[in-house]
Each structure stands twice: as structure tokens, then as C-alpha cells.
Amino acid sequence: MKDGIIVGESKFPLVLLSAIQLPERPEDGKESNVLFYNPRSLESMTQEAMDSLRNAIRTVGLQQPPIVRVFTKNKKRNGEVEKVELIAGERRYRSIMGLYEENAQCYDDTNDQHLEAQKLYKYLHCKVLYNIDDQQALKIAFQENDDHHPLTVAEEISLVKRLLGMGMKQDQIAEMLSKQISWVSQTANFAEGLPKKALAELLKGQMTRHVAIQILSYAPEDRDALYNKALDSQKAELKQAIANAEE
């Protein structure tokens, strides 16, 4: 036990819930001053989505432990804990904090019983990484989201724009996020290269990334016409689908 904060040496030791800190998101306009924080926006954590997750945790238990990084004074695994910071699993963490504050009855899938949240989640099973830097933390946070609940295109654009604003090169961003340079280049070009209406649809999730990339593959002066043609085709397909359904 490290100062009563971390219990156990397994792959997913218990971490004192009250010791886990959320990295603060910077103020608007100052995003490029901070390398690591959750690339998922707060806007994506809708009330409906969070209520659904809280209900799932309450009824079937926490299925995927969050990931935290632990900073120690001597920079070694056995050192005195200075800080515990959440890397991935903010939605899960916020949901559990809500249940904890309510002291709701929650299912303990280890012992097949229901317990008060303040008893069940005083300590939380987490994947613990020791003394990793901001670049490693961002890489893990991005990959964790990509594997389980991918970022929206708007969040990807915001992340790439922020990293470029910090002076990182596209190849450095690609390596850090484990993506192809073409993915970084395309993501960086969406905001400036797409017609305004196409960009708006992409950000709202009404256009796929694949279609947006196709539009970017054409000369800038041809993109508006291509978008309008694709829109007309989409409307025609929808009209035909409705007609077929009504037959």
C-alpha cells in the first residue's frame, strides 16, 4: 500500500477514488499552452449519455477500469505518491463520482451483491502507469478513445489543430497518435479545405470522414460543385428509399 492511495500490485490495483485528479482543460484560446488533457470535449458528455453510463455501472458494475498515471517523488514505482491523474475513462470516472455522491446502490460483480457506492467505490480498480510524460499520456488517451469510443471528427480536428499550434510537425503528431501522416494532413485540412456547408455537415456527424476526404481530393475550385452534386445524389437516394418504403 502506497500511503493508503494505491492498494495491491496487480495489473489493476485499487486506487483511492478521492485521490484521482482530472487534468484541467485550459481556457478558450489557451489550448495550445497545454499538451495533455482529455481530447474528448465536454460537449460530447451529454446528459443522456452520462445517465445511460451511470445506470449501466449501477446495474452491471464497472466493466472497463480507467487509466491513471501516478507521479512519485523518487520517480520510481515504489516511491511516495505525489499525484494521481486520470488519463482515460473520464466518462466512467464522472459517472462513478455521481453514484458515489448519491451513495446509490450499485452492483458488485466480484461478489455478486449490491452495495452502497461509498463502500464499493471508495477504492477504484485502475490501470496504473508510473511517471509517464504528457506526450505518452496523450497518446494513451487518444488510443483508448479510438479503441472503445472514437473521438468525433470535430474533436479530432480540434486535437490536431492544437498540436500544430504548439509547433509540432505532422509526422510527430502521426507518430504520437499512431496514425498515418495522411490522416493528420487530412484532419488538418478539413477546416480550411472543405466548403463551409460540407464542413458543417462533417462536424455534425452528417457526413462521413471518407466523403470529406474524397471532396478534398479535388481541386479547390471544384469542391463546391462536387459537394452540391453529392448532396443532390443523397437527396435522390433518400427520396427513392422513402418511395420504396411506402409501396
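Refer to the structure presented above.
Just so you know, these numbers come straight off a predicted model, no measurement behind them.

## Concerning the pairing of strand E6 (residues 105–108)
Alright, step 1. With four bridges connecting them, E6 and strand E7 (residues 113–116) associate as antiparallel partners. Across the sheet, the residue bridging to Asp108 is Gln113, located in E7.
Alright, step 2. Hairpin connection of E6 to E7: four residues between the antiparallel strands, including Asp112 at a positive phi of 50°.

## Overview of the pairing of strand E4 (residues 67–72)
Alright, step 1. In terms of burial, E4 is largely enclosed, as six of its six residues are buried.
Alright, step 2. The alternating pattern of E4 places Ile67, Arg69 and Phe71 on one face and Val68, Val70 and Thr72 on the opposite face, and all of these are buried.
Alright, step 3. When E4 meets strand E5 (residues 81–88), the two strands line up antiparallel, connected through six bridges. Bridging across to E5, Thr72 finds its partner in Val81.
Alright, step 4. Note that E4 and strand E9 (residues 127–130) share four bridges and pair parallel. Paired with Val68 across the two strands is Val128, which belongs to E9.

## Section: the packing of aromatic side chains
Alright, step 1. The tally for this structure, following the rule as stated, stands at one aromatic pair.
Alright, step 2. Each ring, one from Phe142 and one from Trp183, has its centre 5.9 Å from the other, and the planes form 70°; the classification is edge-to-face. Here Phe142, found in helix H4 (residues 134–148), pairs with Trp183, found in helix H7 (residues 181–193); they are 41 residues apart in sequence, far enough to count as distant.
Alright, step 3. Of the residues examined, Trp183 reaches a relative accessible area of 10% and is grouped as buried.

Conventions adopted
Position labels on residues start from 1 in each chain and follow its written sequence. Where local features are concerned, this predicted model is filtered to residues with pLDDT of at least 70; where side-chain atom pairs are given and counted, the filter is 80 or more; whole-chain, interface and lining totals use all residues. Calculated side-chain values reflect all of the structure's heavy atoms, with hydrogen atoms and water omitted. Two strands make a pair as long as DSSP finds a minimum of two bridges between them. Counting from the N terminus, the helices are the DSSP runs of H or I reaching at least four residues and the strands are the DSSP runs of E reaching at least two. Classification of residues uses two cut-offs on accessible area relative to the type maximum, computed with a 1.4 Å probe and protein chains only: under 20% is buried, over 50% is exposed, and between them is partly exposed. For Phe, Tyr and Trp, where Trp contributes only its six-membered ring, two rings pair if their centres lie within 6.5 Å, and the inter-plane angle classes them as stacked under 30 degrees, edge-to-face over 60, or tilted in between.

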